[in-house]
Amino acid sequence: MKQRIIGIMGALPEEINGVVNLLQNKEEHRIGKRIYYTGTINNQSVIVVYSRIGKVAAAATVSTLILKFNITELIFTGVAGGIASDLKIGDIVLGTELVQHDMDASPLFPEFEIPLIGKSHFKSDKDLLQLGENSIQQILENSYLHQVIEEKYLDQFNIHHPKLHLGLIASGDQFFKNSTQKNKLLTVLPATKCVEMEGAAVAQICYEFDIPFIIIRTISDEADQHSTIDFMKFTEKISNIYSIEIIKNIIK
Ligand code: SAH
């Protein structure tokens, strides 16, 4: 049987630092201005990296993980802006499908379709989704959450009974910071749960190389005029902790 090698990616250092600290036998590899951390978590080989923001950075990074580090599966963990009205800051979205909301080669190809691939929506792996769902449900239990995140930070961001949502994630090279952008997206892709800047690029490359993947996103803002929350504090105190606990639960 092929040895499992799990790639773990985030966009920003703050999104993966906690996971890097979980690594045993840690080594650093510098390729193309990125640092790939190899090591093990519970005896499982993993490679952890942050790509920086945007689809190009994410696509280049995941390609390197596949071609140089021979990963057999990929887990992306990070933050996103909530689009669906029932999402709250501190909720988690597990992407069942990913779409690039800024791809438009019409009229040559239908809007959102990746030219010459003939697809607009990329599906996450069923088994990884199931595993992710179980792991996330567990950490969102009140008793678990209060053990790992200090009450004052949960209060600061008004996180009370965070929920897991499964559905469509839309990605593009745009930070959503007003309701006009948000409403426009909802008209063209009404099923969208949340918006971010890397997931669908990762999904496309994983699809091309046949690598199973999941994209996990903590809602950091509501993709509107308030989206520039205390971003660094949120990633450090909330989403970074979520990522650590989710990865520990997934890689047991
Ligand atoms: N304010 C941050 C910038 C974060 S950019 C800073 O000062 O560094 C946003 C990053 O988080 C991207 O990697 C993207 O994937 C995700 N994200 C979070 N909220 C988003 C939003 N409202 N629109 C688009 N991407 C968002």
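Rules used in this analysis
- Residues numbered from 1 in each chain as written.
- Predicted model: local features only at pLDDT ≥ 70, side-chain atom pairs only at ≥ 80, totals over all residues.
- Heavy atoms only, no water.
- Helix = DSSP H or I, 4+ residues; strand = E, 2+ residues; numbered from the N terminus.
- Rg over C-alpha atoms; globule rule 2.2 N^0.38 Å.
- Buried < 20%, exposed > 50% of the residue type's maximum accessible area, 1.4 Å probe, protein only.
- Contact = heavy atoms within 4.5 Å.
- Areas by Shrake-Rupley, 256 points an atom, 1.4 Å probe, with all protein chains shown as cover.
- Lys, Arg positive; Asp, Glu negative; His and termini not counted.
- Charge placed at Lys NZ, Arg CZ, Asp CG, Glu CD.
- UniProt positions renumbered as here; feature names shortened; annotations may be inferred.
- Pairing = 2+ DSSP bridges.
- Phe/Tyr/Trp six-rings, centres within 6.5 Å; stacked < 30°, edge-to-face > 60°.
- Near = heavy atom within 4 Å.
- Polar contact = N/O pair within 3.5 Å; in protein donor to acceptor, adjacent residues only side chain to side chain.
- Salt bridge = Lys/Arg side-chain N within 4 Å of Asp/Glu carboxyl O.
- Arc of directions from axis to C-beta.

Under an unreviewed UniProt entry, the name given to the protein is 5'-methylthioadenosine/adenosylhomocysteine nucleosidase, and the organism recorded is Faecalibacter bovis.

Of the regular secondary structure elements, the protein holds eight helices and 10 strands. The globule rule puts the C-alpha radius of gyration for 252 residues at 18 Å, and the 17 Å found for the protein is close to it. Overall, the protein is about 50 × 45 × 30 Å in size when its C-alpha atoms are taken along their principal axes. When the 252 residues of the protein are sorted by exposure, 56% land in the buried category. Restricting to contacts in the protein with at least 6 residues of sequence separation, those with at least 24 account for 77%. Split by element, the accessible area of the protein, about 11,600 Å² in all, is 50% carbon and sulfur. A gap of 4 Å separates the mean positions of the 24 positive and 30 negative side-chain charges of the protein.

Mapped onto this numbering, the UniProt entry gives "domain: Nucleoside phosphorylase" (unreviewed entry) at residues 6–251. End C-alpha to end C-alpha, residues 6–251 measures 9 Å, and it is 37% helix and 29% strand.

We now examine the pairing of strand β8 (residues 164–171). Among the eight residues that make up β8, seven are buried, leaving the element largely enclosed by the rest of the structure. Here eight bridges tie strand β6 (residues 92–100) to β8, and the two strands are oriented parallel to one another. Pairing of L98 across the sheet is with I169, part of β8. Alignment of β8 against strand β9 (residues 192–196), held across four bridges, turns out to be parallel. Residue L168 lies in a different strand from β9, and its bridge partner there is T192.

This part is about the packing of aromatic side chains. Under the criterion given, the structure shown has three aromatic pairs. Consider the rings of F157 and F234, whose centres lie 5.1 Å apart with planes at 85 degrees: the pair is edge-to-face. Of this pair, F157 sits in the loop between α5 (151–156) and β8 while F234 sits in helix α8 (residues 231–250), and the two are 77 residues apart along the sequence. We note that F157, like F234, is buried.

Lining the immediate surroundings of the ligand are 18 residues, of which V79, F176, M197, E198 and D221 lie closest. Between a nitrogen atom of the ligand and a main-chain N or O atom of F176, the distance comes to 2.8 Å. When the ligand is considered free in solution it has 560 Å² of accessible area, and contact with the protein chains removes 84% of it. Those elements giving two or more residues to the shell around the ligand turn out to be β5 (73–82), β9, β10 (213–221) and α8.

Right, let's get into the pattern of salt bridges. Tallied over the full model, the rule gives nine salt bridges. Note that R30 and E28 form a salt bridge whose closest N and O atoms lie 3.8 Å from each other. With relative accessibility at 65%, the residue R30 sits in the exposed group. For E28, a relative accessible area of 48% puts it in the partly exposed group.

What follows covers helix α6 (residues 179–188). Within α6, burial applies to Q181, K182 and L185. Across the axial projection of α6, the buried residues extend over an arc of 100 degrees, all falling on one side. Residues of α6 that are exposed and point more than 90 degrees away from the buried face comprise T180, K184 and T187. Close packing links the buried residues of α6 with β5, β8 and β9. Of the residues flanking the start of α6, the one acting as N-cap is N178, its side-chain oxygen 3.2 Å from the backbone nitrogen of T180.

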